Amino acid sequence: MKTVNQKGWFFVLPVLVLVAFNALIPMMTVVNYSVQETFGDNVFFWEGLGWFEQLLNSERFYAALGRQFMFTGIILAIEVPLGIIIALSMPRQGFWVPVCLVLMALPMLIPWNVVGAMWNIFTLPDIGLLGYLMNTTLGINYDMTQDPVAAWVTIVTMDVWHWTSLVVLLSYAGIVSIPDAYYQAAKIDGASNWAVFRYIQLPKMKTVLTIAILLRFMDSFNIYTEPFVLTGGGPGNSTTLLSIDLVKIALGQFDLGPAAAMSLIYFAITLLVSWVFYTVMTKDDAQ
Amino acid sequence: MKLRYIIPIVYILFLMLPIYWLVAMSFKTTNEILSGFSLFPQTFTLENYRVIFTDPTWYWGYINSIIYVSLNTVISIAVALPAAYAFSRYRFLGDKQLFFWLLTNRMAPAAVFALPFFQLYSSVGLFDTHIAVALAHCLFNIPLAVWILEGFMRGVPKELDETAYVDGYSFPRFFVTIFLPSIKAGVGVAAFFCFMFSWVEMLLAKTLTAVAAKPIAATMTKTASSAGYELGLLAAAGTLTIIPGAIVIYFVRNYIAKGFALGRV
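Residues numbered from 1 in each chain as written. Chains lettered and ligands numbered in written order. Predicted model: local features only at pLDDT ≥ 70, side-chain atom pairs only at ≥ 80, totals over all residues. Heavy atoms only, no water.

Engineer: Mind showing me how you'd approach the overall build of chain A here?
Structural biologist: Across its full length, chain A carries 12 helices and 3 strands. Evaluated residue by residue, chain A yields a buried proportion of 54% over its 287 residues. Across chain A, the fraction of contacts at a sequence separation of at least 24, relative to all contacts at a separation of at least 6, is 68%. Accessible surface for chain A amounts to roughly 13000 Å². Of this, 67% is attributable to carbon and sulfur atoms. Counting 12 positive and 18 negative side-chain charges, chain A places the averaged centre of each group 17 Å from the other. (Helix = DSSP H or I, 4+ residues; strand = E, 2+ residues; numbered from the N terminus. Buried < 20%, exposed > 50% of the residue type's maximum accessible area, 1.4 Å probe, protein only. Contact = heavy atoms within 4.5 Å. Areas by Shrake-Rupley, 256 points an atom, 1.4 Å probe, with all protein chains shown as cover. Lys, Arg positive; Asp, Glu negative; His and termini not counted. Charge placed at Lys NZ, Arg CZ, Asp CG, Glu CD.)

Spelled out as structure tokens, the structure:
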């Protein structure tokens, strides 16, 4: 049992100061921009909630938001089941365990712009391995700079390649924490493989899976560098996810007001979904 | 060998393919890359690596990145340790809210913060320094470090603290000589994740630097645009960015999975 001790605040203070400096001041800058109009030279005019209104009525925003949700939905639907399946079929002990873990974790440790660049050269039609195999060996017309479907397949494959290992590592951690006695009991009861998974392994993985899904949701919803380097949002606007669109508006067109309003709505959506998820999952734990 | 092992084997092959292609390319000349498809380097060359190791603008990119990543790891762990201790041992006003607020900082898209960060760090005179990037990365690394460390600390029974106080240990002495050694796996895992997320993040690092503290990623984009498209050189630079991560992960291989398993939520 934890003791009530307000002294805890002194321990937390350094963290609070550092994170607040990095989070609150930039956030206030964004809020500040979102209600003003500027024509450069640091001259600002009061705009009120105009940008928010404009944004919530713009088709461009909803299109980008839709693509963002589609991307996050697709990668979660692929990475979570795939990660669980791989974790279940991995060896539990012995020499190959650390080998598997190190190799699997490797993609996560590559800087994000390198990931984008690497997939770019991997998929070039004439000289990239994947592009060459698809076009020349298999005879499928594959060029992600021309074909929106190919572009989508490529960014989804890239994300699966990059992040499925996170789900694998976390699920695996949950699986190896199950004592052997559970499996022996299941064997005596004559439980099927499915029953073992459903009633022993899945419940034990719940906590780590929550973390995995939460992290994957937050990171894929905010993804910017990899798809930007890979496709630049194209062809056309077909892979312009929310954050790519945001940077286009903020730095490309230098429309700080609309970009700031968009940032706030963007942040609010991420926060809302994560909060709902966090509350539902921790509430279940308390029971 | 069991049949189910085919799944992880196929998965690992899938992971290695793009990496192989990057490494193979780094040993080719740019001419060979552009002239057509070849599975293995036909004219094996180390020229790309020679350029990187002899040109200061290239190798300083790596040194800069390693400096700010190390600074960030040290700062994050140092401030996260007492905070995680407080979260794992005490209840205080607003502790749960504070914990969730810390986590929310991982949710803010870095793209949103790029411009305000630039203005903030310019106005305090830290623009283009290693410490600026290290501090900016604290935004998402401190919450993660607190989260992981708290999980490990909760696993240490409270009796350990109480016994130490009865034996006459002061708090700082207890913390450093008894408590820290008992959670050293947790410190290792937290440090690994701080290193990893600071190493792979490039948007803020690029925004906050110009010349003196420029990360390797910025050097790479510059080369891509100024010297045409030097694919071989780019591939060699990319290959080299994988190595620090691979070294770090080797050291913590037995703890990575455990780190998150013990975390809260």
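Engineer: It is not clear to me how the interface of chain B and chain A should be interpreted in this structure. Could you clarify?
Structural biologist: Where interface size is given, it is often the accessible area lost as the parts come together that is meant. Between chain B and chain A, the contact holds 89 residues from the first and 94 residues from the second. Buried surface at the junction of chain B and chain A, summed over both partners, amounts to about 8500 Å²; 80% is from carbon and sulfur atoms. Counting across the interface, chain B meets chain A through 0 salt bridges. Where chain B touches chain A, the interface holds 10 residue pairs in polar contact (both at pLDDT 80 or more). If you tally residues by element for the side of chain B that touches chain A, the top one is helix α1 (residues 6–26) of chain B, at 13 residues. Of the residues belonging to the side of chain B that touches chain A, the class tally is 72 nonpolar, 9 polar and 8 charged. Examined bridge by bridge, strand β1 (residues 3–4) of chain A and strand β1 (residues 90–91) of chain B share 2 bridges and lie parallel to one another. Across the sheet, residue V4(A) finds its bridge partner in β1(B), namely R91(B). (Buried area = accessible area lost by both parts, 1.4 Å probe. Salt bridge = Lys/Arg side-chain N within 4 Å of Asp/Glu carboxyl O. Polar contact = N/O pair within 3.5 Å; in protein donor to acceptor, adjacent residues only side chain to side chain. Nonpolar A, V, L, I, M, F, W, Y, C, P; charged D, E, K, R; others polar. Pairing = 2+ DSSP bridges.)

Engineer: Would you explain empty space enclosed by the protein in this entry?
Structural biologist: Regions of empty space are outlined by a rolling probe, equal in size to a water molecule, passed over the atoms. If you walk through the whole model with that rule in mind, you get 5 cavities of 30 Å³ or more. The space that makes up the largest cavity amounts to roughly 340 Å³. Looking at the largest cavity, it is lined by 24 residues, and the ones nearest its centre are W112(A), D219(A), N222(A), A108(B) and A110(B). With 4 residues, the single largest contributor to the lining of the largest cavity is helix α9 (residues 193–221) of chain A. Residues of the lining of the largest cavity, tallied by class, amount to 14 nonpolar, 4 polar and 6 charged. The calculated volume of the second largest cavity comes to roughly 60 Å³. Looking at the second largest cavity, it is lined by 11 residues, and the ones nearest its centre are A117(A), I121(A), L22(B), L234(B) and A235(B). The residue makeup of the lining of the second largest cavity, split by class, is 10 nonpolar, 1 polar and no charged. (1 Å grid on protein atoms, 1.4 Å probe; cavity = no way out; pocket = protein on both sides within 12 Å on 5 of 7 lines; lining within 4 Å. Points joined across faces, edges and corners; volume = space filled by probe spheres on them.)

Engineer: How should the nonpolar core be read in this particular structure?
Structural biologist: Proteins that are soluble and globular tend to have nonpolar side chains buried together. Counting residues in hydrophobic clusters, the biggest one holds 184 residues, and the most contacted among them are V146(B) and M153(B). The greatest single-element share of this core, amounting to 17 residues, is contributed by helix α7 (residues 130–154) of chain B. (Core = buried A, V, L, I, M, F, W, Y, C linked by side-chain atoms within 4.5 Å.)

Engineer: I keep staring at the confidence of the model for chain B and nothing clicks. Help me out?
Structural biologist: Close reading of the predicted structure is inappropriate where its pLDDT is low. All names here are of chain B. For chain B, the average pLDDT comes to 83, and 92% of its residues sit at 70 or higher. Helix α14 (residues 256–261) is the least confidently modelled element of chain B, averaging 60 in pLDDT, while helix α4 (residues 56–89) averages 91, the highest of any element. Of the two predicted TM-score estimates for the complex, the pTM is 0.86 and the ipTM is 0.85. (pLDDT = per-residue confidence, 0-100.)

Engineer: Looking at this structure, how should I read the packing of aromatic side chains?
Structural biologist: For any pair of aromatic rings, the description rests on two quantities: the centre-to-centre distance and the angle between the ring planes. Counted by the stated rule, this structure contains 33 aromatic pairs over all chains. Ring plane angle 85° and centroid distance 5.8 Å describe the contact between F21(A) and Y121(B), whose orientation is recorded as edge-to-face. You can see F21(A) sitting in helix α1 (residues 8–34) and its partner Y121(B) sitting in helix α6 (residues 110–123), one on each of two chains. According to the relative accessible area criterion, F21(A) is partly exposed, its value standing at 24%. Both rings, one in F87(B) and one in F92(B), keep their centres 5.8 Å apart while their planes meet at 35°; by these two values the pair is tilted. We note that F87(B), like F92(B), is buried. The structure contains a cluster of three or more aromatic residues connected by ring pairs, namely F11(A), Y85(B), Y90(B), Y165(B), F171(B), F174(B), F175(B) and F179(B). In this arrangement the basic side chain of R198(A) is found over the ring face of Y199(A), its NZ or CZ atom lying 5.1 Å from the centre. (Phe/Tyr/Trp six-rings, centres within 6.5 Å; stacked < 30°, edge-to-face > 60°. Lys NZ or Arg CZ within 6 Å of the ring centre and 35° of its normal.)

Engineer: Help me understand the packing of helix α7 (residues 148–176) of chain A against α9(A) in this model?
Structural biologist: Between two packed helices, both the angle of their axes relative to each other and the distance between the axes serve to describe the pair. Residue and element names in this part refer to chain A. The N-to-C vectors of α7 and α9 enclose an angle of 145°; their axes lie 8 Å apart at closest approach. When you trace α7 past α9, the crossing you get is right-handed. Within the contact between the two elements, α7 uses D159, W163, L166, V167, L170, S171, G174 and I175 and α9 uses Q201, K204, M205, V208, L209, I211, A212, L215 and R216. For the contact of α7 with α9, a count of residues per class yields 11 nonpolar, 3 polar and 3 charged. (Axes fitted to C-alpha atoms, helices over the stretch in contact; angles between N-to-C directions. Left-handed = near helix turned anticlockwise from the far one by under 90°.)

Engineer: It is not clear to me how α1(A) should be interpreted in this structure. Could you clarify?
Structural biologist: Owing to its 3.6 residues per turn, the α-helix aligns residues three or four sequence positions apart on the same side. Over its 27 residues, α1(A) runs 36 Å from end to end, which matches the ideal 39 Å to within 8%, given 1.5 Å per residue. The principal kink in α1(A), of about 35°, is found at A20(A). (Expected span 1.5 Å × (residues − 1). Bend = angle between axes of the 7 residues up to and from the residue.)

Engineer: I'm lost on a nonpolar patch on the surface in this one. Help?
Structural biologist: Taken together, the side chains of Y59(B), W60(B), I63(B), I67(B), L71(B) and I131(B) present a nonpolar region at the surface, about 450 Å² in accessible area. Here the nonpolar patch gets 5 residues from one element, more than from any other, and that element is α4(B). (Patch = residues over 30% accessible without salt bridge, like charges linked within 9 Å, V, L, I, M, F, W, Y side chains within 5 Å.)

Engineer: Could you clarify how one ought to interpret the packing of α1(A) against α4(B) in this entry?
Structural biologist: Where α1(A) contacts α4(B), the two axes come as close as 8 Å, and the packing angle between them is 145°. Relative to α4(B), the crossing made by α1(A) is left-handed. The segment α1(A) lies against α4(B), with G8(A), F11(A), V12(A), P14(A), V15(A) and L18(A) engaging I75(B), V79(B), A80(B), P82(B), A83(B), Y85(B), A86(B) and F87(B). Of the residues contributing to the contact of α1(A) with α4(B), the split by class is 13 nonpolar, 1 polar and no charged.

Engineer: I keep staring at unusual backbone geometry and nothing clicks. Help me out?
Structural biologist: Glycine aside, residues mostly have negative phi angles, and peptide bonds mostly take the trans form. Residue D128(B) is not a glycine yet carries a positive backbone phi of 65°. Summarising the element assignment, D128(B) is placed in the loop between α6 and α7.

Engineer: Looking at this model, I keep getting lost on the side chain of R216(A). Mind explaining?
Structural biologist: By secondary structure assignment, the location of R216(A) is in helix α9. Leave out the neighbours within four places in its chain, and R216(A) touches I75(A), L76(A), E79(A), D159(A), W163(A), L166(A) and V167(A).

Engineer: So what exactly am I meant to see when it comes to the environment of I244(A) here?
Structural biologist: Residues and elements named next belong to chain A. By the element assignment, I244 lies in helix α11 (residues 242–252). Along the backbone, I244 and Y266 are 22 residues apart, and their C-alpha atoms lie at a distance of 12 Å. Apart from the residues lying within four places of it in its own chain, the contact partners of I244 are Y224, P227, F228 and T239.

Engineer: Looking at this model, I keep getting lost on the pattern of salt bridges. Mind explaining?
Structural biologist: For side chains bearing opposite charge, pairing can occur when the charged atoms are close. All names here are of chain A. In total, this model carries 6 salt bridges over all chains according to the counting rule given. Of the charged contacts in the structure, one is a salt bridge between D245 and R60, with a shortest N-O distance of 2.8 Å. Of the two residues, D245 is situated in helix α11 and R60 in helix α3 (residues 59–89); the sequence distance between them amounts to 185 residues. Judged by relative accessible area, which is 4%, D245 ranks as buried.

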